[in-house]
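Coordinate analysis (summary)
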Amino acid sequence: SLPPQGSLLYLDALGAAFPRALALRGTALLHWTPGCPRAPAGWPLPTLYCTPAAAGALPSRAAALRLQLLFALRQRALHVLEVGLAAELHDALVALRAEWPRLAQELALGRLSPQPGLPEEVRDQLQALLSPDAARAAELRAECARGFEGIVSRLWPQLEVVVVRTAQGVERLYCDSLCRADCLGLPFYCPFYQAAGALLGINLWPVEPAPRFLLCPDWAFCEFLPCLANKEPRTVLLDELWEGREYGLVVTAQPGEYRCRTGEVLKVTGFHKQCPVVEPVRRESQTLSVRGESIPEEQFCHSLCRTLRMWPGARLIDYVCVESSLLGDSSGPCAPHYEVFVELQGLRDLSEEQRYKLDQCLQEDFPVYKSFRFKGSIGPLRLHLVRPGSFTGLREALGSPVPMPRVLREEQLLRLIQASVIS
């Protein structure tokens with residue numbers, strides 16, 4: 001849970017940037033918290049929310065997000081849409097595309113339909129909160145019939161901001177994708193920086209597009225390892241940080257807990273009242289390395305997005321990348337290589353020349369990778385397209401509310417995504 005100071009700083013920053021954001025029942029929540037019924041989001045002001053806590057605590061992720069979406073749709077005068085992960089908003093909007101006629105019927109009748117993953121006692125509890133709203137149902141039908149570009153602003157015309165609790169690294173993929181389509185024109189605000197299970201910083205600048213975080217000295221004990229040090233680095237403390245430099249993060253979250261390297265690399269972008277302001281740069285723990293080349297997931301994602309701009313009409317939904325050793329014999333007889341699984345919108349197939357563009361971009365971006373490719377010790381990258389909705393299903397199968405790894409190392413998850421390959 002958040003320290004009270006963190007909650008209050010967040011509410012103060014949100015209210016200052018968006019004056020109507022703290023309106024009574026003006027915030028809807030889309031976040032799966034399995035088995036943890038509590039006041040939505042754990043803030044000290046639960047009356048902000050129009051979302052019943054029980055809707056997010058269901059054992060089924062898909063059922064939880066669908067019910068939270070239904071209660072959000074009831075509230076036309078919504079000012080804030082809060083999500084745990086941008087992928088949760090994406091998956092809720094996938095459900096909207098598929099089920100809007102049924103959702104409209106439930107709004108019109110004020111009655112929940114039976115659905116998998118919704119226990120009868122919880123259904124009765126949530127049913128008591130509904131009432132028929134034929135006008136809102138008609139509005140939902142009319143807007144969905146027009147298409148889904150900018151649908152979020154059209155369904156909630158008073159919406160001011162989308163609050164995303166986690167948007168670091170490749171989680172930005174979903175934020176960027178939503179900003180270009182469903183949430184056209186809406187600002188995204190990531191208020192908190194967390195690592196090793198501890199809250200470390202707060203974003204006091206909601207209207208800035210790139211999140212940066214003020215590190216709060218009394219929330220956890222933080223140490224920093226200077227990157228690119230000439231000799232074995234020693235850790236430094238908050239008052240020893242330099243603007244413009246990058247540091248690895250070491251955290252002791254609570255007195256008596258283990259001290260650990262988080263694998264997070266932060267860049268100091270400035271200071272606010274003598275406290276450092278940082279921007280997360282990358283995660284050292286998530287790298288691709290079949291021959292010791294160590295390509296960080298964020299930089300691989302950058303190369304993938306650069307490649308995507310060479311495929312006219314394509315929009316990246318999500319991807320995972322695995323090292324070929326995880327596939328065993330099914331990876332073929334060639335040298336160790338990367339296997340990449342992507343879900344695209346706007347393209348049904350890729351030519352061999354288009355598929356090779358990603359390998360080419362990686363060689364341009366990473367000289368070490370290019371050297372290994374030239375020597376033949378790393379084989380050519382293999383790119384696979386998966387069916388639409390594959391990653392939504394994968395998140396449901398993962399059964400966890402935390403971000404899904406893009407560098408995949410679990411054989412069970414790999415088999416699930418392989419079953420979705422279309423080409």
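Quick note: structure is the one above.
A brief look at the structure comes next. (Residues numbered from 1 in each chain as written. Predicted model: local features only at pLDDT ≥ 70, side-chain atom pairs only at ≥ 80, totals over all residues. Heavy atoms only, no water.)

1. Description of the sheet that holds strand S4 (residues 188–189)
Strand order in this open sheet of four strands is S1-S2-S3-S4, and the pairing throughout is parallel. With partners counted over all chains shown, the strands left at the sheet margins are strand S1 (27–30) and S4, one partner each. In this sheet, strand S2 (residues 80–85) lies alongside S1 in parallel orientation, the contact comprising four bridges. Bridge pairing links Thr-27 to Val-80 in S2. With respect to the sheet, helix H4 (residues 86–109) is in contact with S1, S2, strand S3 (161–166) and S4, its orientation differing from that of S2 by roughly 110°. (Pairing = 2+ DSSP bridges. Helix = DSSP H or I, 4+ residues; strand = E, 2+ residues; numbered from the N terminus. Contact = heavy atoms within 4.5 Å. Axes fitted to C-alpha atoms, helices over the stretch in contact; angles between N-to-C directions.)

2. Some thoughts on the pairing of strand S9 (residues 246–252)
For S9, the buried fraction is high: six of the seven residues fall into the buried class. Looking at chain direction, strand S8 (residues 221–226) and S9 are connected through six bridges and run antiparallel. From the neighbouring strand, Phe-221 faces S9, where its bridge partner is Thr-252. Inspection of the sheet shows S9 paired to strand S10 (residues 260–272) by five bridges, in the antiparallel sense. Each bridged residue has a counterpart across the sheet, and for Val-251 the counterpart in S10 is Cys-260. (Buried < 20%, exposed > 50% of the residue type's maximum accessible area, 1.4 Å probe, protein only.)

3. With respect to the environment of Pro-367
Turning to its location among the elements, Pro-367 is positioned in helix H11 (residues 367–375). For Pro-367, a relative accessible area of 61% translates into the label exposed. Between the alpha carbons of Pro-367 and Cys-144 there is a distance of 48 Å; along the sequence they are 223 residues apart.

4. Observations regarding the packing of H4 against helix H8 (residues 172–180)
Here H4 crosses H8 at 45°, and the two axes come no closer than 8 Å. On the basis of their axis angle, the class for H4 and H8 is oblique. As for how H4 packs across H8, the hand of that crossing is left-handed. Taken together, the residues of H8 that come into contact with H4 (itself represented by Ala-86, Ala-87, Leu-89, His-90 and Leu-93) are Tyr-174, Cys-175 and Leu-178. (Parallel < 35°, antiparallel > 145°, perpendicular 65-115°, else oblique. Left-handed = near helix turned anticlockwise from the far one by under 90°.)

5. A word on the sheet that holds strand S15 (residues 338–345)
Strand order in this open sheet of three strands is S14-S15-S16, and the pairing throughout is mixed. Among the strands making up the open sheet, the edge pair consists of strand S14 (315–323) and strand S16 (382–385). Strand-to-strand twist of the sheet, defined as the mean angle between neighbouring strand axes without regard to direction, takes the value 25°. Where S14 lies against S15, eight bridges are found, and the strand directions are antiparallel. Each bridged residue has a counterpart across the sheet, and for Leu-316 the counterpart in S15 is Leu-344.

Just distances and angles here, no functional claims.
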